[in-house]
Amino acid sequence: KLMLTVAVKSASSSSLSNITVTAYPTTKEYTVSVIPPTVTLTKKSSNIYLVKITNADADQDITLNSITAQVRPVSVANNNYSAATCLRDEGSSDKCDVATSTGSVPGAAKEFVIAGGVTISKNSNITREIYVDSNFVSPADLQGEITSVRYNTSITETYSVVAQ
């Protein structure tokens, strides 16, 4: 919160009485906030999704701490499909077995924590990939979804950004 104190420097009067002026604290409060990041998700291939997080704030950098995502088959015919999911740098050839945190397909949304966070400068973006790692051929109907993003340590924004 931003608190302002307004001090009157001078005053005048046409009367003959004395005027005493003291500081006048205002009770009005202003909250300074960060513009939430924007999120896009694009399916690059049957098992890779590109996540783009954009810091639209022109005044402040943000620190991205985690991305919560889920990948699942849409068709009931593919309910037996099984895979691991992980977050990796764009263009990486890493498999999920080297990841510190993995999700599963099918499975609930998984929070992928970014160790130490990553700074996104004002008016810029970063990209990461959600990789689906399986011994089976990935079905064409896999759907990825970003459900939330946590940044600046404690701010969580909820999203429903889907790519299929």
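Residues numbered from 1 in each chain as written. Predicted model: local features only at pLDDT ≥ 70, side-chain atom pairs only at ≥ 80, totals over all residues. Heavy atoms only, no water.

### Observations regarding the overall build of the protein chain
Then, in step 1: Tallying secondary structure elements over the protein chain gives zero helices and 11 strands in all.
Then, in step 2: Going residue by residue from the N terminus, the α and β elements of the protein chain occur as β-β-β-β-β-β-β-β-β-β-β.
Then, in step 3: Out of the 164 residues belonging to the protein chain, those deemed buried represent 35%.
Then, in step 4: In the protein chain, the proportion of contacts linking residues at least 24 apart, taken out of those at least 6 apart, comes to 69%.
Then, in step 5: Looking at the protein chain as shown, the accessible area adds up to about 9,800 Å², and 49% of this sits on carbon and sulfur atoms. (Helix = DSSP H or I, 4+ residues; strand = E, 2+ residues; numbered from the N terminus. Buried < 20%, exposed > 50% of the residue type's maximum accessible area, 1.4 Å probe, protein only. Contact = heavy atoms within 4.5 Å. Areas by Shrake-Rupley, 256 points an atom, 1.4 Å probe, with all protein chains shown as cover.)

### Describing the environment of Val98
Then, in step 1: Turning to its location among the elements, Val98 is positioned in the loop between strand S6 (83-89) and strand S7 (103-105).
Then, in step 2: For Val98, a relative accessible area of 55% puts it in the exposed group.
Then, in step 3: Along the sequence, Val98 and Cys86 sit 12 residues apart, while their C-alpha atoms lie 9.3 Å from each other.

### Here's the deal with the side chain of Thr85
Then, in step 1: Residue placement: Thr85 occurs in strand S6.
Then, in step 2: Leaving out residues up to four positions away in the same chain, Thr85 has contacts with Val71, Cys96, Ser101, Thr102, Gly103, Ser104, Val105, Phe112, Ile130, Tyr131 and Val132.

### What about the nonpolar core?
Then, in step 1: Membership of the largest hydrophobic core comes to 29 residues, with the highest contact counts inside it found for Ile53, Leu64, Ile130 and Ile146.
Then, in step 2: When contributions to this core are tallied by element, the ones reaching two or more residues are strand S3 (38-45), strand S4 (48-55), strand S5 (62-73), S6, strand S8 (110-120), strand S9 (124-133), strand S10 (142-151) and strand S11 (155-163).
Then, in step 3: Residue contributions to this core peak at five residues, all from S5.
Then, in step 4: Setting aside residues up to four positions removed in sequence, Leu64 forms contacts with Ile53, Ile114, Gly117, Val118, Ile120, Ile126, Val149, Arg150 and Tyr151. (Core = buried A, V, L, I, M, F, W, Y, C linked by side-chain atoms within 4.5 Å.)

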